[in-house]
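Next come the chains, spelled out residue by residue.
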Amino acid sequence: MNTLPWLTIIGLIPLVGAVVVWLLPTALAGLAKHLAVGFSVVTLLISIGAALQFETSSTQQFQLVEQHQWIPQFGVSYALGVDGIALALIVMSTILTPICLIAAWRDLPGEEGSPREKNYFALMLVLETFMVGVFAATDVFLFYVFFEAMLIPVYFLIGQYGGSRRQYAAMKFLLFSLLGGFVMLAAVIGLYTQGPGGTDGFLISRLTGLQMDGTTERLLFLGFFFAFAVKAPMFPFHTWLPDAASEAKPATATLLVGVLDKVGTYGMIRFCLQLFPEASTWATPVVITLAVISVLYGALLAIGQTDIMRLIAYTSISHFGFIVLGIFAMTTTGGSGSTLYMVNHGFTTAALFLFAAMLIQRRGSKRIADYGGWQRVTPALAGAFLIAGLSGLGLPGLGAFNAEFLTLVGTFQRYQVAAVVATIGIILAALYILLMYKRMMTGPVPESAVGTPDLGAREKWVVVPIIALFLVLGFYPKPVLDIINPAVRTTLTYVGVADPAPVVPVAAAQGGSK
C-alpha cells in the first residue's frame with residue numbers, strides 16, 4: 001500500500017512556491033517568474049507521478065486516500081482522495097498552470113522585478129493550490145473551504161491586474177460566487193444534520209446513500225446545484241463570466257474559465273448525483289432544458305461579439321451547456337464524454353485566450369474589426385489560432401471532437417430531442433469561429449501590421465504543448481477514458497440508473513427471429 005501523501009504534496013508545492021516568491025528581496029525580485037514556473041513544473045511532475053500510482057482496476061471509489069481529524073467537534077476531516085474524474089482534472093490543472101505562467105511572462109510591462117509582479121505570480125501559485133484541493137477533497141466541508149478560498153486569489157488577480165473595468169468585473173464575480181457559496185453552505189450544514197454525525201460526519205462516504213424524505217433531499221440538491229450552476233456558469237447564472245474573462249489578464253482568464261469553472265460541473269457529478277440521486281432524477285428535465293438553452297444562447301451571443309475575449313467567454317457558456325447535458329443524461333457514454341469534454345475544454349480555452357492575447361499584444365486592441373490580413377504577417381500565430389478555433393468547433397482529429405461526439409451520443413440514448421437540438425450548437429460554433437478567423441486573418445494587410453514579429457521562442461513554449469495535447473487527445477484518448485470510465489460507472493451506480501437498452505428496429509427483430 002502506498003503511504004506517500006501524493007495529493008498533499010501536489011497542493012503544498014505551489015503554496016510553498018508562492019511564499020518563496022512573496023518573500024523574495026527587492027534585489028532578487030526579477031527571479032519571481034522563474035521561480036513560479038519552476039515550482040509549477042515540479043508540481044506537474046509530481047502529479048504525473050501520482051497518476052502513475054492510480055489503478056484503473058481498483059474497486060475502491062477513491063485512491064491516494066489521506067484522512068486526518070481536523071475539527072472533530074464539528075465532524076470535519078482533512079480527507080483527500082481521487083477517482084478518475086478528479087485525477088483527470090487535477091492533472092489538467094497542473095499542466096495548464098506552467099503554460100499560463102509562461103504566457104504571463106510580460107503581462108506587466110514596465111514592472112519587471114517590481115513587488116506587483118511578485119504578487120501577481122505568487123497569487124497564481126496560491127490559486128493552483130486551491131484548484132488541486134477542491135478536486136481532491138473527499139470531506140464536504142473541506143471541499144467548501146477550497147471552493148470559497150479560490151475566490152480570494154481570483155478577486156485580486158482581476159481587481160488589481162485587470163483592464164479598465166477590472167474593479168467592476170472583480171466585484172461582480174465575487175458577489176455572484178459568494179451568493180452561490182452562501183446557499184451551498186446552508187445546504188452543507190443541512191446535509192450534515194441528515195447524516196450519521198460523529199468526528200468524521202462530513203466525509204462523502206458517510207453521506208452517500210442517506211435515507212431522506214423527498215422534500216429535504218430536493219431542497220439540499222437545489223442548494224448545491226445553484227452554487228455549481230453559478231460557478232459553471234450555466235444560463236441564467238452566467239452574466240459574471242464575460243466581464244470577468246474580458247477584464248482579467250489572459251492567463252487569469254484561462255485558469256478561471258479553463259479550470260475554476262470546471263468545479264461547477266465536477267460538483268454536479270461528485271455531490272448532486274452521488275449524494276442526492278432521487279432529487280437529481282427529479283430535476284433532470286429542467287436541467288437538460290437549461291443545458292440546451294446554454295448551448296444555443298452562448299453560441300448565438302458569441303456570433304454577435306465584437307470583442308475577442310468576450311466572444312471566447314460566450315463560447316465557453318455554450319460548451320458548458322454540452323458538459324451539463326452529458327452529465328444529466330445519466331448514461332455511461334454521456335458521463336465519460338462530459339468529463340473528457342471538461343479536460344479538452346480546459347486546453348481549448350487556454351489556446352483561444354492565450355493565442356488571442358498574443359495577437360492583442362501585437363495590435364493593441366481587442367476589437368475584431370481592428371484586425372484583418374494577419375495570416376500574411378504572422379502566419380505561425382495565425383495558424384495556431386486557427387487550430388485552436390477548429391478544436392473549439394470540434395473538428396475530427398482534435399480532442400474536442402471525441403468529447404463532443406460521446407456527449408451527444410450519450411444524451412441521444414435517453415433524450416433524443418435534446419441531443420438533436422443541441423447539435424445546432426455545433427453549426428453555430430463553426431459560424432462564430434470561422435467568421436472570427438475570416439475577419440481577423442484574411443483580407444488586405446493593414447499598414448500598421450507590416451513588420452510585426454511572428455511567434456517568439458517563449459511563445460512557442462505556450463503554443464506547442466497545447467497543440468500537441470489537441471492531437472494526442474484527438475487521436476488517442478483511450479488512456480484518459482480508461483481512467484474516467486470506472487468513476488462514471490460508479491457514479492451511475494449511486495444514482496441507481498443503467499444505460500438504456502439498445503432499440504432494435506422491428507423489421508430487424510423479425511428477420512432475426514426467422
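Preceding this paragraph is the structure being described.
Note that the structure is predicted; figures quoted are calculated from it, not measured. (Residues numbered from 1 in each chain as written. Predicted model: local features only at pLDDT ≥ 70, side-chain atom pairs only at ≥ 80, totals over all residues. Heavy atoms only, no water.)

J.: Residue-level account of the overall build of the chain, with values.
T.: Each helix and strand in the chain was counted, giving 22 helices and two strands. Here the chain has a C-alpha radius of gyration of 23 Å; the compact-globule value for 514 residues is 24 Å, and the two agree. The buried share among the 514 residues of the chain stands at 59%. A fraction of 80% describes how many contacts in the chain between residues 6 or more apart in sequence connect residues 24 or more apart. Carbon together with sulfur atoms contributes 67% to the accessible area of the chain, which is approximately 19300 Å² in total. (Helix = DSSP H or I, 4+ residues; strand = E, 2+ residues; numbered from the N terminus. Rg over C-alpha atoms; globule rule 2.2 N^0.38 Å. Buried < 20%, exposed > 50% of the residue type's maximum accessible area, 1.4 Å probe, protein only. Contact = heavy atoms within 4.5 Å. Areas by Shrake-Rupley, 256 points an atom, 1.4 Å probe, with all protein chains shown as cover.)

J.: Just give me the short version of the packing of helix α2 (residues 32–53) against helix α4 (residues 115–136), but keep the residues and values in it.
T.: Viewed as axis vectors pointing N to C, α2 and α4 meet at an angle of 10°, and their least axial separation amounts to 9 Å. It follows that α2 is roughly parallel to α4 by the angle criterion. Here Ala32, Lys33, Ala36, Ser40 and Thr43 of α2 lie close against α4, whose contacting residues are Glu117, Lys118, Phe121, Leu125 and Glu128. (Axes fitted to C-alpha atoms, helices over the stretch in contact; angles between N-to-C directions. Parallel < 35°, antiparallel > 145°, perpendicular 65-115°, else oblique.)

J.: Any details on a nonpolar patch on the surface? Residues and values, ideally.
T.: Taken together, the side chains of Leu12, Leu15, Val16 and Val20 make up a nonpolar region of the molecular surface, amounting to roughly 280 Å² of accessible area. With respect to the secondary-structure elements, Val20 resides in helix α1 (residues 6–22). (Patch = residues over 30% accessible without salt bridge, like charges linked within 9 Å, V, L, I, M, F, W, Y side chains within 5 Å. Salt bridge = Lys/Arg side-chain N within 4 Å of Asp/Glu carboxyl O.)

J.: So what's going on with the packing of aromatic side chains? Residues and values would help.
T.: The description of two aromatic rings rests on the distance between their centres and on the angle between their planes. This model, assessed by the stated rule, comprises 24 aromatic pairs. A centroid spacing of 6.3 Å and a plane angle of 50° characterise the contact between Phe141 and Tyr144, whose relative ring orientation is tilted. Highlighted residues: Phe141 and Tyr144, both in helix α5 (residues 140–149), separated by three residues, approximately one helical turn. Its relative accessible area of 9% is what places Tyr144 among the buried residues. Look at Phe141 and Phe202: their rings are 5.5 Å apart centre to centre, the planes differ by 50°, and that puts the pair in the tilted class. On the criterion of sequence distance, the pair formed by Phe141 in helix α5 and Phe202 in the loop between α7 (166–194) and α8 (204–207) is long-range, its members being 61 residues apart. Among the aromatic residues, those joined into a cluster by ring pairs are Phe143, Phe147, Phe224, Phe228, Phe271 and Phe276. Of note, Lys231 hangs over the ring of Phe147, and the distance from its end group to the ring centre comes to 4.6 Å. (Phe/Tyr/Trp six-rings, centres within 6.5 Å; stacked < 30°, edge-to-face > 60°. Lys NZ or Arg CZ within 6 Å of the ring centre and 35° of its normal.)

J.: Describe α4, naming the residues involved and giving the relevant values.
T.: End to end, α4 covers 32 Å across 22 residues, agreeing with the expected 32 Å (1.5 Å per residue, within 8%). The buried count for α4 comes to 19 of 22 residues, which makes it a mostly enclosed element. (Expected span 1.5 Å × (residues − 1).)

J.: How would you sum up the environment of Phe347? Please name residues and give values.
T.: Within the fold, Phe347 resides in helix α15 (residues 332–363). By relative accessible area, Phe347 is classed as buried at 4%. Sequence separation between Phe347 and Phe385 is 38 residues; the distance between their C-alpha atoms is 13 Å. Apart from residues no more than four positions distant in its own chain, Phe347 is found in contact with Met92, Ile95, Leu96, Ile466, Leu469, Phe470 and Leu473.

J.: Tell me what's going on with the packing of α4 against α5, and back it up with residues and numbers.
T.: With their axes 8 Å apart at the nearest point, α4 and α5 run at an angle of 150° to one another. When the axis of α4 is compared with that of α5, the two are roughly antiparallel. Considering how the two elements wind past one another, α4 and α5 form a crossing that is left-handed. Across from Phe130, Gly133 and Val134 in α4, the residues of α5 making contact are Phe143, Phe146, Phe147 and Ala149. Taken together, the residues that form the contact of α4 with α5 break down as six nonpolar, one polar and no charged. (Left-handed = near helix turned anticlockwise from the far one by under 90°. Nonpolar A, V, L, I, M, F, W, Y, C, P; charged D, E, K, R; others polar.)

J.: Summarise the nonpolar core; cite the residues concerned and give the values.
T.: Ranked by size, the top nonpolar core spans 186 residues in total, and within it Phe143, Phe224, Phe328, Phe355 and Phe385 carry the most contacts. The element contributing the most residues to this core is α15, with 16 residues. (Core = buried A, V, L, I, M, F, W, Y, C linked by side-chain atoms within 4.5 Å.)

J.: Quick one: what's the story with the environment of Ile10, residue by residue and with numbers?
T.: By the element assignment, Ile10 lies in helix α1. Residue classification places Ile10 among the buried residues on the basis of a relative accessible area of 1%.

J.: Can you lay out the pairing of strand β1 (residues 63–71) for me, pointing to particular residues and giving the numbers?
T.: Bridge analysis of β1 against strand β2 (residues 76–82) gives six bridges, and the strand direction is antiparallel. Each residue of the ladder has a partner; that of Gln67, found in β2, is Ala79. (Pairing = 2+ DSSP bridges.)

J.: An account of the environment of Phe143 is requested, with residue identities and associated values reported.
T.: Along the polypeptide, Phe143 turns up in helix α5. Residue classification places Phe143 among the buried residues on the basis of a relative accessible area of 1%. Sequence-wise, Phe143 and Gly346 are 203 residues apart; in three dimensions their C-alpha atoms are separated by 21 Å. When neighbours within four sequence positions are excluded, Phe143 is seen to be in contact with Val134, Ala137, Met184, Phe228, Val263, Tyr266 and Phe271.

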